[in-house]
Amino acid sequence: MKHHLSSLLFVLCVLYIAGQSECYKILAIVPTPSYSHQIPYRRLWLELHKRGHEVVLVTADPIPNIKSPNFTQIDISQSYGSIRSLDFVQMRFEGKRWLHIVEEEMLPIVEVFAETVLNSTELRKLYAPESNATFDVYLTEFLFAPATYAFAHRFNVPIIGLSSLGILAINEHALGGLVLPSHEYTWEMEDNTGTNLPFLKRLSNFVNMWRSLHYVYHEIFPQQQKLAEKYFGPLPPMLDVLKNVSMLFINQADVMAPARPKLANVITFTSSHIEKVPKPLPKDLQAFLDGATNGFIYFSLGSNARSASLPLEIRRMFCDVFVKLRYRVVWKFEDDFPGKPDNVYIGKWLPQQTILAHPNIKLFIYQGGLQSSEETVHYGVPVLGFAILADQDYQVARMEALGIGKYLEITTLKKDELENTITELITDRKYKERIHYIRNVVQDTPHDPVENLAWWTEYVIRTKGAPHLRSSLAFQPWYQRCDMDIVVFLTITIFLIASTTFYLIAKIVVYIHKKIKSTEKQKIS
């Protein structure tokens, strides 16, 4: 009897829980073939699946060991070949600015990313006109591939935008936010931002930013519109789909970004990819780090920039400095490295989080990637940053502003500058103390960030797209948004009034002057 009663109670509990929750169908697409673009959202997909939702994930880095009928992964890793053809280190040494790299190098490749998604055999079956597939929400990366936004229209679902490197200016502007070309947060301007900049630098930033936005609106969107319609047929403008986004999930810790106005439908989060239990180290690397009695330095330029692409003289400079240090060095280097110093360990791939978690680590030399910044804060390791591309100038400058690292320019680096900076960062306790403080601020949150994202995802579905959170400014002409027409009208009006007043005063002065002269002549005569 007791057994039957327990079973009945269990069934009732299950039925109650099932009645309190709904299972949704979720489509997620992250088209950029870059590990750093994929991993910030991995825990979110797993959390949504854990909550009982059916997930279809389109990714260039499938999550291993997923065996569930309610979790489908579509592999688009073949697009990795196109991004690996770019040498970002060489572009840095050639002095190319990010906005020009986007226009000259990235956009043709981004078109490949988008077409890889649209032309996927498995996806084409899903979105074919005769397909019965349905979804409740669509999550996708918001970068330079608006053709992929067409899935929101095809399945008639709300769209949630994702970004693993802060919000792009084009998305900020399209959604009714403030575009501030010289603000520290505007990472597309690289190292040209800051407070109290000279007029000419701010003018240059203004011109470059708005020229770039014009290019995106009038070149990229039409190009991507044609690409989307090639596969879907006639569509509404992708810009309109973008403007109707329900929410944006931005990977950016508030303390690690300069404060500024934020759209109501923007949710920020951080460090979702940090491993609770770091992966084990290879035995030889474990022995190398354990034997670093004076400590060790970890050096990596991330997944999109290669240390092996550094000019020979720069590599030799690093070696000359490393050999003089009393610390060991672990260097992520993608090729063979003949002549490396004995105190340097080379690895083509390294378990970065495990290395940062090692008690003997003293310093992290890196390229300023956002996920690397989050990891180094989490493990309390000061940084020396050499920005290479995209948002990395902004990230490294922010780490320096927070007092947890230093920023050096790799293209103009000098040997004594490198050695002195490394020594300062390791020996001055203020950097270690400061990064521990920043870590505590980052971790001081009222909720788990991934569970929070999952809740907002369900909220968007429950509220049919959360339209109340969208800014109405997104649908106003640019000149009305900032009252530019009023500013121009008032400027012209004031100019006309002032010029008319000055004209009348001048006429009166001339008249009085002539009158006085005339009176003086009459007296003389």
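Whatever comes next refers back to the structure up there.
In this text the structure is predicted, and so the values were computed from the model without any measurement.

*Asks:* Could you give an account of the sheet that holds strand 9 (residues 328-332), with specific residues and numbers?
*Replies:* If you trace the 6 strands from one edge of the open sheet to the other, you get 10-9-8-11-12-13, paired in parallel fashion. One side of each edge strand has no neighbouring strand; the edge strands of this open sheet are strand 10 (344-347) and strand 13 (405-407). Strand-to-strand twist in this sheet, taken as the mean axis angle between neighbours without regard to direction, amounts to 15°. Across 4 bridges, the pairing between strand 9 and strand 10 is parallel. Note on strand 10: the bridge partner recorded for Lys332 is Gly347.

*Asks:* Which residues make up helix 17 (residues 415-427), and what values go with them?
*Replies:* Under the 1.5 Å per step criterion, the end-to-end length of helix 17 is 18 Å for 13 residues, consistent within 8% with the ideal 18 Å. Among the residues making up helix 17, those that are buried are Leu418, Thr421, Ile422, Leu425 and Ile426. Projected down its long axis, helix 17 carries its buried residues within an arc of 125°, all on one side. Residues of helix 17 that are exposed and point more than 90 degrees away from the buried face comprise Asn420 and Thr427.

*Asks:* Let's hear about unusual backbone geometry: which residues, and what values?
*Replies:* Notably, Ser271 is not glycine yet its phi reads approximately 60°, a positive angle. Along the polypeptide, Ser271 turns up in the loop between strand 7 (266-269) and helix 12 (283-290). Since its relative accessible area comes to 18%, Ser271 is described here as buried. Even without being glycine, Ala466 reaches a positive phi, approximately 45°. Relative to the assigned elements, Ala466 resides in the loop between helix 19 (449-462) and helix 20 (478-481).

*Asks:* Tell me about the nonpolar core, and name the residues and values.
*Replies:* Here is a general trend for soluble globular proteins: nonpolar side chains tend to be buried in one another's company. Among the nonpolar cores identified, the biggest contains 107 residues, and Phe151, Phe318, Phe322, Trp331 and Ile422 are the most heavily contacted of them. Broken down by element, the residue count for this core peaks at 12 residues, all from helix 6 (residues 98-118). Listed in part, the 31 residues of the second largest apolar core include Val330, Val377, Leu402 and Ile438.

*Asks:* With reference to specific residues and values, describe empty space enclosed by the protein.
*Replies:* Counting across every chain of the model gives 5 cavities of 30 Å³ or more. By volume, the largest cavity is sized at about 110 Å³. Elements represented by at least two residues in the lining of the largest cavity include exactly helix 6, helix 9 (169-174) and helix 10 (199-232). With 4 residues, helix 6 is the single largest residue contributor to the lining of the largest cavity. Here the residues of the lining of the largest cavity sort into 9 nonpolar, 1 polar and 2 charged. Considered as a void within the structure, the second largest cavity measures approximately 90 Å³ in volume. Surrounding the second largest cavity, Ile167, Ala169, Glu172, Leu178, Val179, Leu180, His183, Tyr185, Thr186, Glu188 and Arg260 form its lining. Partitioned by chemical class, the residues of the lining of the second largest cavity number 6 nonpolar, 2 polar and 3 charged.

Calculation notes
- Residues numbered from 1 in each chain as written.
- Predicted model: local features only at pLDDT ≥ 70, side-chain atom pairs only at ≥ 80, totals over all residues.
- Heavy atoms only, no water.
- Pairing = 2+ DSSP bridges.
- Helix = DSSP H or I, 4+ residues; strand = E, 2+ residues; numbered from the N terminus.
- Axes fitted to C-alpha atoms, helices over the stretch in contact; angles between N-to-C directions.
- Expected span 1.5 Å × (residues − 1).
- Buried < 20%, exposed > 50% of the residue type's maximum accessible area, 1.4 Å probe, protein only.
- Arc of directions from axis to C-beta.
- Core = buried A, V, L, I, M, F, W, Y, C linked by side-chain atoms within 4.5 Å.
- 1 Å grid on protein atoms, 1.4 Å probe; cavity = no way out; pocket = protein on both sides within 12 Å on 5 of 7 lines; lining within 4 Å.
- Points joined across faces, edges and corners; volume = space filled by probe spheres on them.
- Nonpolar A, V, L, I, M, F, W, Y, C, P; charged D, E, K, R; others polar.

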